[in-house]
Number of protein chains: 2
Amino acid sequence: MVGNKLTGADLKHVTIQDTFWGKYIDLVDEVILPFQWDLINDRVEGAEKSYCIRNFRIAAGQETGEHKGMVFQDTDAAKWLEAVACSLNKNRNESLEKAADEAIDLIAAAQCEDGYLNTYYTITGNKRWSDLFEGHELYTAGHMIEAAVAYFEATGKRKFLDVMCKFADHLCLVFGPEEGKIHGYPGHPEVELALVKLYRVTENRNYLWLADYFVRTRGERPCYFLNEDCIRNGNYIFPEFKDFDLDYNQSHMPLKEQETAEGHCVRAVYLYSAMADLAYEYQDGALTRQCETLWENIVNRRMYITGSIGSAAYGERFTADYDLPNDTNYSESCATVGLAMFSNRMFHLTRDGKYMDIVEKALYNTLLAGIAMDGTHFFYVNPLEVVPEVVKKNPTYRHIKTTRQLWFGVACCPPNIARTLASLGNYIYASDESTIYVNLFIRSRMECQLSGVGICVSQECNFPENGTVTLSISPEKPGSQFTLAVRIPSYCKGAVLKINGKEEAGTLEKGYLYLNRIWEMDDTVVMELNVPFRYVRSNPRVRHNIGKVSLMKGPVVYCLEEADNGKYLSGAVIDTSVEPQEEYDHQLLRGTLCARLQGSRIDYEKAGDSLYGEERPVYEKTELKAIPYFCWNNRGEGEMTVWMREKE
Amino acid sequence: MVGNKLTGADLKHVTIQDTFWGKYIDLVDEVILPFQWDLINDRVEGAEKSYCIRNFRIAAGQETGEHKGMVFQDTDAAKWLEAVACSLNKNRNESLEKAADEAIDLIAAAQCEDGYLNTYYTITGNKRWSDLFEGHELYTAGHMIEAAVAYFEATGKRKFLDVMCKFADHLCLVFGPEEGKIHGYPGHPEVELALVKLYRVTENRNYLWLADYFVRTRGERPCYFLNEDCIRNGNYIFPEFKDFDLDYNQSHMPLKEQETAEGHCVRAVYLYSAMADLAYEYQDGALTRQCETLWENIVNRRMYITGSIGSAAYGERFTADYDLPNDTNYSESCATVGLAMFSNRMFHLTRDGKYMDIVEKALYNTLLAGIAMDGTHFFYVNPLEVVPEVVKKNPTYRHIKTTRQLWFGVACCPPNIARTLASLGNYIYASDESTIYVNLFIRSRMECQLSGVGICVSQECNFPENGTVTLSISPEKPGSQFTLAVRIPSYCKGAVLKINGKEEAGTLEKGYLYLNRIWEMDDTVVMELNVPFRYVRSNPRVRHNIGKVSLMKGPVVYCLEEADNGKYLSGAVIDTSVEPQEEYDHQLLRGTLCARLQGSRIDYEKAGDSLYGEERPVYEKTELKAIPYFCWNNRGEGEMTVWMREKE
């Protein structure tokens, strides 16, 4: 454990200048956030009503009516506010900030005298905290707290933060081991990591303690939830919950004994993120090791190559080791965001580059695949293989959409993607008092203070299309000694690094090249990372991928699409003895590096009409074009596959 | 269309002497039927209560209480009675017949004054015929009618038949095109084929007409069901029905225009069976062709190699052409029974052997796989690939059981399997006035009348383990001229036929070898059918089976099981250039012909610990043992697969 704590870059001091990421980030400011504000105000014509802001008005006594929408409908406002805050960090957009202040005034007005805040329970009069298993009160509180912290950090305005501190103080009175307090914990983890954030900004240790209490108590026998009415008497809000065991929300055994990732993926990775936060705050080695074990279980047993998780749709959950079906999976965008959050925290804890490999994988593949270039259409579920005719006719696939959906009504994934894009700077750079970490290769500029000395790092690159990354290092005070740590990704087949034109070896440790020296103004570090196209195979215990191969370049996973290769993609076989050829497609997403592959495919004209027979199919030679997975489904509906059969 | 109608053998005049089939048939008489009688009388300790007989007692006024169980709970008694009747055909077991008479007395007592009979609607007082979409009243009526006809045919006793004629007369008053009658039809087809049976035994054409009315009206626009309360107001008995479109029960378009098999499989094949019955009775060429089209769609696009149907669990339904996932499918035992029924009717209509190929495939694979040798454990769902650890942890597979289940409570499949086994004779032989058809190669003896002359056919064989089939033909009057038609299965790689030692060519037509001659007492026909092990491949449009092969011998599909081959069956590759070797296993199901295959398999010890990498798996040479699919899961829980990867 390193005493000198590592933190992500302050978003106010990172400017992203990357054309690739820039087009997504611009969408957040220009389209997604204004659109969501209209949505939660029920002003989008033709869209399902959200009722989110209306519920707050009713709870605040400014309007009369019933609560409408889900029990956790308040979180739509919270997620919007958090994403707005991340965006305001880099650009104080006046109209967005005005809308946010308006929402915050309303939230404050909806808060109860004692600090409690939740429009569903306030309006319905249902008993508070009576259904922790399903009621989402603490989950909602968590998103509100995260938003309040982010808004305070972005704007310096305290109002929202004060509202949420009052709520958190109330939570500290309600939950805890003392007699008369509730000995429960959230059915959907989220408040734990939020309380740690609130502690960090307020330094009120009660919040940290409550987060730790929720984590320590979770899954203790007898399980708290078993005494709640919903489980005892079957009075479920969500009928499918009757089918779920306690592992669905990670309460099947004491959390601190759990070593495999179980249950609902979003719940799991939010919870593990909080565990990593606690390990960081308490510098708790045992908890760190448990987090490592859980992370390794995910990454080495239960994660798709695209950085997504959730092998089953029912329960949106982890299943068994090596069970990674490509077409029936859930792979929710939100779970990928959560995996990136957990991995980033693990990097801050351990400074091990393997964690950033997964952050990068999650961001470049599943996160980006979720969003269409119009900013209003999204995938929530991210399969690795789609045959639209089958998806539409076979209800096993009823959770899968064959095109991105217009973002309507209740929605977790779009604002989650938005806040991640808006806080990308946090993933690119990190620093402690003496070291700057460069984690991701994205054209950008970052300023930070190292023991009181201002340092500016700027990064030029076009990664992973090109492996050259140029860093300009400018200390405010020339001749400052500090360490620059640049990540050498695990997929990199060699790296040459030059400082001011002179090759430097540096010290390689856990995926980072450490360069400790005295830096002058405009020192230039040029890294040549060798990231050719490469064929990647699964562990053969993954039965769905046996005999198959995928194509990657750097962190980017490629796929075959019907638009380029016609139907029946499962009839294609790749000759991996031939190197993939680069092919730049100027049309696809305004310019994308693709690959041309050699192989063969079944001649379906010769396939005959009967279903079973003794003949083998006839193959013919063919070329195939692979495109990045994040680009898929931008040219109409069609087949797609990540895993391709490989010639023996 | 042949004017001289073909009919299945009279069960009273078929004796099955086959050791293989005999052990299953004995189970029906000795275990299944007595066990089910106890079940529906709530006398099996530890079993979920059925309430079936109790409901009849309440409806008959002999007991007070509420209706319990499903809306179609009455059918448990009906299916039991039908299976008892089939069994009594060959053996008037006194205690079974006494129990059946008792049940029939009770059913008669539960009938309403006007002929209506349904304990759910009688006891609850719910409005009759108000929910044809879900209420199963006509479905229940259909099973009752089938049972009554079978019982009359087996015993000659009229009581049950009279009760059901009274009900059918009532149906004729209630349903029809006239004003004041209901213009609807069943949500679950079944009564149509039952009414045809009732017509055949009573010669009352009203019943045939009503069956035809139901078929002709089905799916007419606007669809009748759209006016029912459940669809209009969402008041569903079965909540999942809100997700189902009209194609779920084949009412999405006029039935007589439908050319693809859609929706719930059991509903579909029961309905198509009735269509085939109507085509037969009316000698309707257009309807026959439509039946052929539907049958071809199933058999050439939507059927598993094991003769099962139902590619999706949700809706237990057909999906899309060539969509045949091996692990998430439903493949209900009842649907296989229905496919055999439909195919047998198509054979009677057309005398084409291709239909009997499918009857045989259904019987030898999915039907037998459903039943355990104790007669009390059954599979309802019949996947072609199972990995127990995954099935138990991944809710996508929650409909799959990894071992046969003790037969409790509501149950369609066990009695459906029982009645099929008890009426096997019907499938083995058929005849018209001048021809005897031998369809299946099962050691048995059959007597029939050909234009008034008694003929006895007896069959010696041990098929398909051995391809020699010996038929002894004995006309009551020596020197009788008639035709013997023996089926030459499509999988047969050659057939040599000798009559009294002398080779005969006969006339081959649509899968039957016709032998028209003057037959003397004890003429002997010896057929040598060449049925070696063979490797069968799927049409490559079946994406789940690309690069894979299955092993068959005659109609029998083989599979790999963990008990013989260890775990990770998907890591095995078969070298199909090496002929499979016969290997007799004296233990497995008291003696079974197995096969030894050559191939290779992944060395999992060398597979490493990471999930993704660039290395290919290491293979090692191996031998594998394949067993018949119907034998699987008789040696404890374990992996199983029908489709095996094939060496390129």
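The rules we used
- Residues numbered from 1 in each chain as written.
- Chains lettered and ligands numbered in written order.
- Predicted model: local features only at pLDDT ≥ 70, side-chain atom pairs only at ≥ 80, totals over all residues.
- Heavy atoms only, no water.
- Helix = DSSP H or I, 4+ residues; strand = E, 2+ residues; numbered from the N terminus.
- Rg over C-alpha atoms; globule rule 2.2 N^0.38 Å.
- Contact = heavy atoms within 4.5 Å.
- pLDDT = per-residue confidence, 0-100.
- Salt bridge = Lys/Arg side-chain N within 4 Å of Asp/Glu carboxyl O.
- Buried < 20%, exposed > 50% of the residue type's maximum accessible area, 1.4 Å probe, protein only.
- Expected span 1.5 Å × (residues − 1).
- Phe/Tyr/Trp six-rings, centres within 6.5 Å; stacked < 30°, edge-to-face > 60°.
- Lys NZ or Arg CZ within 6 Å of the ring centre and 35° of its normal.
- Least-squares fit on C-alpha atoms with pLDDT ≥ 70 in both.
- Pairing = 2+ DSSP bridges.
- Core = buried A, V, L, I, M, F, W, Y, C linked by side-chain atoms within 4.5 Å.
- Buried area = accessible area lost by both parts, 1.4 Å probe.
- UniProt positions renumbered as here; feature names shortened; annotations may be inferred.

Chain A is annotated in an unreviewed UniProt entry as Glycoside hydrolase family 127 protein from Lacrimispora xylanisolvens.

Colleague: Just to check I follow, could you spell out the overall build of chain A for this structure?
Modeller: Assigned secondary structure in chain A consists of 18 helices and 26 strands. Whereas a compact globule of 648 residues would reach a radius of gyration of roughly 26 Å, chain A reaches 25 Å, a difference of no more than 12%. Judged by the C-alpha coordinates and their principal axes, chain A covers about 75 × 75 × 50 Å. Looking at chain A alone, contacts between residues at least 24 apart form 71% of all its contacts between residues at least 6 apart.

Colleague: Would you take a moment to explain the confidence of the model for chain A for this structure?
Modeller: Detailed reading of predicted coordinates is not advised where the pLDDT is low. Counting all residues, the mean pLDDT for chain A is 95, and 99% of those residues have values of 70 or more. Model confidence for the complex: the whole-complex pTM is 0.96, and ipTM, which rates the interface, is 0.95.

Colleague: Would you mind showing me how to read the pattern of salt bridges here?
Modeller: Think of it this way: side chains of opposite charge can pair up when their charged atoms draw near. Within the structure shown, the criterion is met by 104 salt bridges over all chains. One salt bridge connects aspartate 247 of chain A with arginine 317 of chain A, and the closest N-O pair in it is separated by 3.0 Å. Note that aspartate 247 of chain A is positioned in the loop between helix H10 (229-233) and helix H11 (265-282) and arginine 317 of chain A in the loop between helix H12 (285-301) and helix H13 (333-350), a separation of 70 residues in sequence. On the basis of relative accessibility, which here comes to 14%, the residue aspartate 247 of chain A falls in the buried class. Between glutamate 460 of chain B and arginine 443 of chain B there is a salt bridge, with its nearest N and O atoms 3.0 Å apart. Taken together, the positions of glutamate 460 of chain B in strand E9 (residues 453-461) and arginine 443 of chain B in the loop between strand E7 (435-438) and strand E8 (444-450) put the pair 17 residues apart, joining distant regions of the chain. According to the relative accessible area criterion, glutamate 460 of chain B is partly exposed, its value standing at 42%. Here the residues in one salt-bridge network are Glu561, Asp564, Glu583, Asp585, Arg596, Glu623, Lys625 and Arg635 of chain A, joined through shared partners.

Colleague: Sorry, what's going on with the side chain of threonine 75 of chain A here?
Modeller: Residues and elements named next belong to chain A. Relative to the assigned elements, threonine 75 resides in helix H3 (residues 74-90). The class for threonine 75 is buried, based on a relative accessible area of 0%. Look past the residues within four positions of threonine 75 in its chain and what remains in contact with it is Tyr139, Thr140 and His143.

Colleague: Could you clarify how one ought to interpret helix H6 (residues 137-155) of chain B in this entry?
Modeller: Count 3.6 residues to each turn of an α-helix, and residues three or four apart come out pointing the same way. All names here are of chain B. Helix length check: H6, at 19 residues, gives a terminal C-alpha distance of 27 Å against a target of 27 Å (1.5 Å per residue), a fit within 8%. Counted residue by residue, H6 has 18 buried out of 19 residues, so it is predominantly covered. Remark: glycine 156 follows H6 within two positions and exhibits a positive phi of approximately 80°.

Colleague: In this structure, what is going on with the packing of aromatic side chains? I would like to understand it.
Modeller: In this description, a pair of aromatic rings is defined by centroid distance and the angle of the planes. Summed over all chains, the structure comprises 75 aromatic pairs over all chains. Centroid distance tyrosine 568 of chain A to tyrosine 604 of chain A: 4.1 Å. Interplanar angle 20°. Geometry classified as stacked. In this pair, tyrosine 568 of chain A sits in the loop between helix H18 (562-565) and strand E20 (572-574) while tyrosine 604 of chain A sits in the loop between strand E22 (592-602) and strand E23 (612-613), placing the two residues 36 residues apart along the sequence. Overall, tyrosine 568 of chain A belongs to the partly exposed group, its relative accessible area being 27%. Given the relative accessible area of 11%, tyrosine 604 of chain A is considered buried. Note on tryptophan 129 of chain B and phenylalanine 175 of chain B: the rings are 5.1 Å apart at their centroids and 80° apart in plane angle, and the pair reads as edge-to-face. With tryptophan 129 of chain B in the loop between helix H5 (119-124) and H6 and phenylalanine 175 of chain B in the loop between helix H7 (159-174) and helix H8 (191-202), this pair connects stretches of sequence that are 46 residues apart. By relative accessible area, phenylalanine 175 of chain B is classed as buried at 0%. By way of ring pairs, the aromatic residues Phe72, Phe133, Tyr139, Tyr185, Tyr224, Phe225, Phe238, Phe241, Phe244, Tyr248 and Tyr314 of chain A are connected into one cluster. Across the ring face of tyrosine 314 of chain B, the terminal group of arginine 398 of chain A is positioned such that the distance to the ring centre comes to 3.6 Å.

Colleague: I tried to follow the relation of the copies chain B and chain A on my own but got confused; where do I start?
Modeller: What relates the pair of chain copies is a rotation about an axis plus a shift along that axis. When chain B is fitted to chain A, the residual RMSD is 0.0 Å, and the transformation amounts to a turn of 180° plus an axial shift of 0.0 Å. The relationship between the two copies is best expressed as a two-fold rotation axis.

Colleague: Help me out: how do you make sense of the sheet that holds strand E8 (residues 444-450) of chain A in this one?
Modeller: What links the strands of a sheet is backbone hydrogen bonding, and the strands pair in either a parallel or an antiparallel sense. All names here are of chain A. The 7 strands lie next to each other as E2-E8-E9-E10-E16-E12-E13, forming an open sheet whose pairing is antiparallel. Looking at which strands have only one partner, the edges of the open sheet turn out to be strand E2 (14-16) and strand E13 (502-503). Bridge count between strand E12 (residues 495-499) and E13: 2 bridges; the pairing is antiparallel. By the bridge assignment, lysine 498 is partnered in E13 with glutamate 503.

Colleague: Where do I start with the nonpolar core in this structure?
Modeller: Burial of nonpolar side chains together is a common tendency in soluble globular proteins. Trp80 and Ile298 of chain A are the most contacted members of the largest nonpolar core, which has 237 residues in total. Among the elements that make up this core, the one with the highest residue count is H11 of chain A (13 residues). Residue contacts for isoleucine 298 of chain A: discarding those within four places in its chain leaves Ala261, Val269, Tyr272, Met303, Ile309, Phe318, Leu339 and Phe342 of chain A. Counting residues in hydrophobic clusters, the runner-up holds 236 residues, among them Leu81, Ala340, Ala362 and Met552 of chain B.

Colleague: Can you help me understand the interface of chain B and chain A in this one?
Modeller: It is common to report an interface's size as the accessible area lost on association of the parts. On the chain A side, the residues contacting the 69 residues of chain B number 70 residues. Here chain B packs against chain A, burying approximately 5,500 Å² in sum over the two surfaces, 49% of which is carbon and sulfur. For chain B, the biggest contributors to the area lost against chain A are Arg543, Leu611 and Tyr612 of chain B; these three give 15% of the whole. Seen at the junction of chain B and chain A, the total is 14 salt bridges. Across the salt bridge formed by arginine 534 of chain A and glutamate 614 of chain B, the nearest N and O atoms sit 3.8 Å from each other.

Colleague: Quick question: what am I supposed to make of the UniProt feature "domain: Non-reducing end beta-L-arabinofuranosidase-like GH127 middle" (unreviewed entry) in chain A here?
Modeller: The UniProt record annotates "domain: Non-reducing end beta-L-arabinofuranosidase-like GH127 middle" (unreviewed entry) at residues 435-530 of chain A. Strand forms 64% of residues 435-530 of chain A and helix 0%; the C-alpha atoms that close the span are 25 Å apart.

Colleague: Is there a simple way to explain the environment of cysteine 112 of chain B in this structure?
Modeller: Residues and elements named next belong to chain B. In this fold, cysteine 112 is placed in the loop between helix H4 (94-110) and H5. Judged by its relative accessible area of 19%, cysteine 112 is buried. Sequence separation of cysteine 112 and alanine 418 is 306 residues, and the distance between their C-alpha atoms is 30 Å. Setting aside its immediate chain neighbours within four residues, cysteine 112 contacts Thr122, Arg128 and Lys166.

Colleague: Please explain unusual backbone geometry as it appears in this structure.
Modeller: Trans is the common state for peptide bonds, and a negative phi is the common state for residues other than glycine. Of note, the amide linkage connecting arginine 221 of chain B to proline 222 of chain B takes the cis form, showing an omega dihedral of -10°. Within the element layout of this structure, proline 222 of chain B appears in the loop between helix H9 (205-217) and helix H10 (229-233). Residue phenylalanine 463 of chain B is joined to proline 464 of chain B through a cis peptide bond whose omega torsion reads 0°. Positionally, proline 464 of chain B belongs in the loop between E9 and strand E10 (468-475). Look at glutamate 203 of chain A: it is not a glycine, yet its phi comes out positive at around 60°. Take glutamate 203 of chain A: it is sitting in the loop between helix H8 (191-202) and helix H9 (205-217). The phi dihedral of glutamine 250 of chain A falls on the positive side, at around 60°, and the residue is not glycine. Mapped onto the fold, glutamine 250 of chain A is located in the loop between H10 and H11.

Colleague: Got a minute to help me understand the sheet that holds strand E11 (residues 480-487) of chain B in this structure?
Modeller: Residues and elements named next belong to chain B. Reading across from one edge, E1-E6-E7-E11-E15-E14 is the order of the 6 strands in this open sheet, with mixed pairing throughout. Looking along the sheet, the strands with just one partner apiece sit at the ends: strand E1 (7-8) and strand E14 (507-509). Two strands pair when backbone bridges link them, and E1 and strand E6 (residues 429-431) are joined in this way by 2 bridges, in the antiparallel orientation. Across the sheet, residue glycine 8 finds its bridge partner in E6, namely alanine 430.

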